Amino acid sequence: MKVLIVEDDAETADYIVNGLTEHGHVVDHAHNGREGLFLAGAGAYEVAVVDRMLPGLDGLSLVKALRGDGVKTAVLFLTNLGGIDDRVEGLDAGGDDYLVKPFAFSELLARVNALGRRPVTPTVDTVLRVADLDMDLLKRGVTRAGKTIELQPREFKLLECLMRNAGRVVTRTMLLELVWDFHFDPKTNIVETHMSRLRAKVDRGFDCELIHTIRGSGYSLRAPA
Amino acid sequence: MRLPRILNTATFRLSALYVVLFAMSVAALGVIAYLVTAAALERRLDARIEGEMTRLHAAFASGGLANLASAVRTHQQTLPAGPLEYSLMGADGRPLAGKLPIVPALGWSDVERVESDGDVSRRRIQVTALAGGARLAIGADREQIEDVEQAILDGFASAFGAVLVLGIVGGIALSFAFLMRVETIRRTAEAIIAGDLTQRVPVRGTGDDLDRLSQTLNRMLDRISELMESLRHISADIAHDLKTPLARLRQRLEATQTHAQSVEEHDAAIEAAIVHIDEILTTFGALLRIAQIEAGTRRSGFRELDLSAIFTTVVDAFAPAAEDAGKRLDVKIKPGIRVSGDRELLTQMLANLVDNAIRHTPAGTHIEVSLGSDSERIIGVVTDNGPGAPPEEWERIFQRFYRLEHSRSTPGSGLGLSLVKAVANLHGIAIDVRDAEPGLQIVLRFPEGGEWGRR
């Protein structure tokens, strides 16, 4: 996947560029807003990781300009610690996701992967399928190997997130945001307890497990190899 | 206090202006009174002389010169100390009767004469000619007129002087009183600038404008000192509470450097250090978030939202975790309650409260979350029947980094309830802590008229 990093801090930029390259992405790096705008406008990137605070042209203005030019590249904003208004501002400016610095690399990677998979024009899926697991989004029904699985509304949402990102890692914080709209990290293990209930319903009593815990980063739902 | 400062006050300038205007009007009044009175007195004097002249001419017409002379003598006698004096002179210039010492030319004249005793006398004299060459003069002493005129002048001059003196003295006194009070306020301000924030402007209790100003200033000072006190606390707390984990981290890393033998041991130490640093960063994040909420800029982002839905979402999120921890989470939420606020912050506020109730209570605890409204207020309650907190700690549980004795062993930054408090303050929500006997009850009273539909 072609990824553009717009980040003025050399150390952070190297950390991101090296990490993403190791995971097989093609990464370009712009050191400031103007260079970022030029590169993003010219190259067909799937994802742009944009720092909010940039010399010259700041991240928000950069993305506004890109959207104004009709560039559809998915944008992940990097914001500073504690900036509670940043998320809303970023999304309003045309960003697709945000991540607060400092972050674990696995978190960034999971989010970049999730954004890269997002279709440029949203298509409406009515059925999601991974291996023998089927989800009917219209009837809100789930079956595995033809057997109906009864899910609570939140469990359904949780499973939907995993299935839409099948084969990829979904982090705890991504799930908190997507399923509960929680933009903070509760001390209580909310995600873990819901996940264990979901697993009990989806995986228990079947031959192979579909939901996997990825240590140190999150969860992944994937078909057995 | 030096005099020039008084002369420079607004009060003094205003009173000086009034004194000048008033003194000028007194002077104008004096001049007018003087002129009018003087003219009237002059006319009366002339009329008296003319009346006497007519009567004496009548006496001359009826009895000739001899009759006139006897009439003059009679008049002179009947009015010995009177203001009128007479002189009748024959055609040869010889005085026939009367005491008027001088006789000027025919017609009206004002004559000045030095008397034998040295005084200067001024007279108004009319001289008329009689048939046969004789002359009749009648004079009046102007002394009375001049006395009256002098009295008027003296009176008004005294009044003018009194106005000036009283006005200036009054102005200085007023300015002095005003300046004293302003000076008091100024001295208080100087003392505060010098660092004594406990100083307050004295209030007299009269309720006048300066008193009201002083009260407002005092309230402002109270607020400032509150803020400064909390700021001082916060910086000290932050320094202390962040230094401790950093120091611990350093010790561990140093121990690893000295004692770790294998790559595995180093890896484990690095992993532990990252977890440790993440905790510190979380604390930093929480502190910054609280600071931003307290700054109040977020209020501009208030929207109408479904509070019942927020309560339901939070309770749903925590229910399985509570259950796994062996606790019961009950809910009683009235649907469709709408308020104006910030969704993200209100969600986190409730989440922190429920989080606390779950984490700081033993297994078997019963937790209840409710949201309801009566005709006036919306009330949210989080109750547990855990160990609770002693009443003297109730205020302090909202302070940053404050942790109850029995909670110190459980993980947490001691910032959760501070954030609750900050969000509540931002939304005008009153927080009451109550004893649930046993346990702790936190009551959120949303502001009156806060419900969107009733606005």
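Remember, predicted model here, so these are calculated numbers, not experimental data. (Residues numbered from 1 in each chain as written. Chains lettered and ligands numbered in written order. Predicted model: local features only at pLDDT ≥ 70, side-chain atom pairs only at ≥ 80, totals over all residues.)

Caption draft 1: Quick look at the overall build of chain A. What chain A contains, in helices and strands, is eight helices and 12 strands. Partitioning the intrachain contacts of chain A with sequence separation of at least 6 by distance along the chain shows that 58% fall at a separation of at least 24. (Helix = DSSP H or I, 4+ residues; strand = E, 2+ residues; numbered from the N terminus. Contact = placed C-beta atoms within 7 Å.)

Caption draft 2: Region of interest: the sheet that holds strand S6 (residues 127–130) of chain A. Residues and elements named next belong to chain A. Strand order in the open sheet made by the four strands is S6-S7-S8-S9, with antiparallel pairing throughout. Pairing within the sheet leaves two strands with one partner each, and these edge strands are S6 and strand S9 (147–149). Strand-to-strand twist in this sheet, taken as the mean axis angle between neighbours without regard to direction, amounts to 25 degrees. Taken together, the four bridges between S6 and strand S7 (residues 133–136) define a ladder with antiparallel strand orientation. Looking at the pairing, Val130 lines up with Leu133 of S7. In this fold helix H6 (residues 153–164) packs onto S6, S7 and strand S8 (141–144), with an angle of close to 65 degrees to the strand it touches most, S6. (Pairing = 2+ DSSP bridges. Axes fitted to C-alpha atoms, helices over the stretch in contact; angles between N-to-C directions.)

Caption draft 3: Quick peek at the nonpolar core. Membership of the largest hydrophobic core comes to 102 residues, with the highest contact counts inside it found for Val49 of chain A together with Phe318, Val354 and Val423 of chain B. At 10 residues, helix H6 (residues 307–324) of chain B tops the list of elements feeding residues into this core. Once residues lying within four places of it in the same chain are set aside, the contact partners of Phe318 of chain B are Thr188 and Ile190 of chain A together with Leu329, Val354 and Ile358 of chain B. Judged by nonpolar contacts, the second largest core, of 20 residues, contains Met89, Ile125, Leu136 and Ala140 of chain B. (Core = buried A, V, L, I, M, F, W, Y, C linked by C-beta atoms within 7 Å. Buried ≥ 20, exposed ≤ 12 C-beta atoms within 10 Å, placed from the backbone.)

Caption draft 4: Region of interest: the interface of chain B and chain A. Every contact between the two is made by 24 residues of chain B and, on the other side, 19 residues of chain A. Of all the secondary-structure elements, those providing two or more residues to the side of chain B that touches chain A are helix H5 (263–295), H6 and helix H7 (343–359) of chain B. Of the residues in the side of chain B that touches chain A, the class split is 10 nonpolar, seven polar and seven charged. (Nonpolar A, V, L, I, M, F, W, Y, C, P; charged D, E, K, R; others polar.)

Caption draft 5: Summary view of the packing of helix H4 (residues 209–259) of chain B against H5 of chain B. Residue and element names in this part refer to chain B. Where H4 meets H5, the axes come as close as 10 Å, and the angle between the chain directions of the two elements is 170 degrees. With respect to H5, the axis of H4 lies roughly antiparallel. Here Ile238, Leu242, Pro245, Leu246, Leu249, Arg252, Leu253 and Thr256 of H4 lie close against H5, whose contacting residues are His266, Ala269, Ala272, Ala273, His276, Ile277, Glu279, Ile280, Thr283 and Leu287. The residue makeup of the contact of H4 with H5, split by class, is 12 nonpolar, four polar and two charged. (Parallel < 35°, antiparallel > 145°, perpendicular 65-115°, else oblique.)

Caption draft 6: Structural view of unusual backbone geometry. The peptide bond linking Lys101 of chain A to Pro102 of chain A adopts the cis configuration, its omega dihedral lying at -5 degrees. If you trace the backbone, Pro102 of chain A turns up in the loop between strand S5 (97–100) and helix H5 (105–117). In this model, Glu437 of chain B is joined to Pro438 of chain B through a cis peptide bond whose omega is -5 degrees. By the element assignment, Pro438 of chain B lies in the loop between strand S11 (430–435) and strand S12 (440–445). Even without being glycine, Ala145 of chain A reaches a positive phi, approximately 50 degrees. Inspection of the secondary structure puts Ala145 of chain A in the loop between S8 and S9. Classification of Ala145 of chain A by C-beta neighbours within 10 Å gives exposed; the count is 11. One non-glycine residue, Glu437 of chain B, adopts positive backbone phi at about 45 degrees. Along the polypeptide, Glu437 of chain B turns up in the loop between S11 and S12.

Caption draft 7: Region of the structure containing the sheet that holds strand S4 (residues 74–79) of chain A. Residue and element names in this part refer to chain A. In space, the five strands of this open sheet follow the order S2-S1-S3-S4-S5, with parallel pairing throughout. The sheet is open, and its two borders are formed by strand S2 (26–30) and S5, each paired with just one other strand. Pairwise comparison of adjacent strand axes, ignoring direction, gives a mean angle of 20 degrees for this sheet. As defined by bridge partners, strand S1 (residues 2–6) adjoins strand S3 (residues 47–51) across four bridges and the pair is classed as parallel. Its bridge partner being in S3, Val6 is matched across the sheet by Val50. Across the sheet, helix H2 (residues 33–42) touches S1, S2 and S3, and the angle it forms with S1 is around 165 degrees.

Caption draft 8: Fine view of the packing of H6 of chain B against H7 of chain B. Residues and elements named next belong to chain B. Where H6 meets H7, the closest approach of the two axes is 10 Å, and the angle between their N-to-C directions is 30 degrees. As the angle between them shows, H6 and H7 are arranged roughly parallel. Where H6 crosses over H7, the handedness of that crossing is right-handed. Along the contact surface, H6 presents Ile310, Phe311, Val314, Val315, Phe318, Ala321 and Ala322, while H7 presents Arg343, Leu346, Thr347, Leu350, Ala351, Val354 and Ile358. Along the lines of polarity and charge, the residues of the contact of H6 with H7 split into 12 nonpolar, one polar and one charged. (Left-handed = near helix turned anticlockwise from the far one by under 90°.)

Caption draft 9: Local environment of H6 of chain B. Residues and elements named next belong to chain B. With 18 residues, H6 should cover 26 Å at 1.5 Å per step; its first-to-last C-alpha distance of 27 Å lies within 8% of that length. Roughly 35 degrees is the biggest bend found in H6, and it falls at Phe318, with proline Pro320 one to four residues downstream. The set of residues buried in H6 consists of Leu307, Ile310, Phe311, Thr313, Val314, Val315, Ala317, Phe318, Ala319, Pro320, Ala321 and Ala322. Downstream of H6 by a residue or two, Gly326 has a phi angle that is positive, lying close to 75 degrees. (Expected span 1.5 Å × (residues − 1). Bend = angle between axes of the 7 residues up to and from the residue.)

Caption draft 10: Fine view of the pairing of strand S1 (residues 84–89) of chain B. All names here are of chain B. Most of S1 sits inside the fold, with five of its six residues counted as buried. For S1 and strand S5 (residues 135–141), the ladder comprises six bridges, and the chain directions are antiparallel. Its bridge partner being in S5, Glu85 is matched across the sheet by Gly139. What sits between S1 and strand S2 (residues 95–98) in their antiparallel hairpin is a turn of five residues, with Gly93 showing a positive phi close to 90 degrees.

Caption draft 11: Representation of the environment of Gly36 of chain A. Residues and elements named next belong to chain A. As for its placement among the helices and strands, Gly36 is situated in helix H2. For Gly36 and Val49, which are 13 residues apart along the polypeptide, the C-alpha to C-alpha distance reads 10.0 Å. When sequence neighbours within four positions are dropped, the list of residues in contact with Gly36 reads Leu4, Val6, Ala30, Val50 and Leu62.

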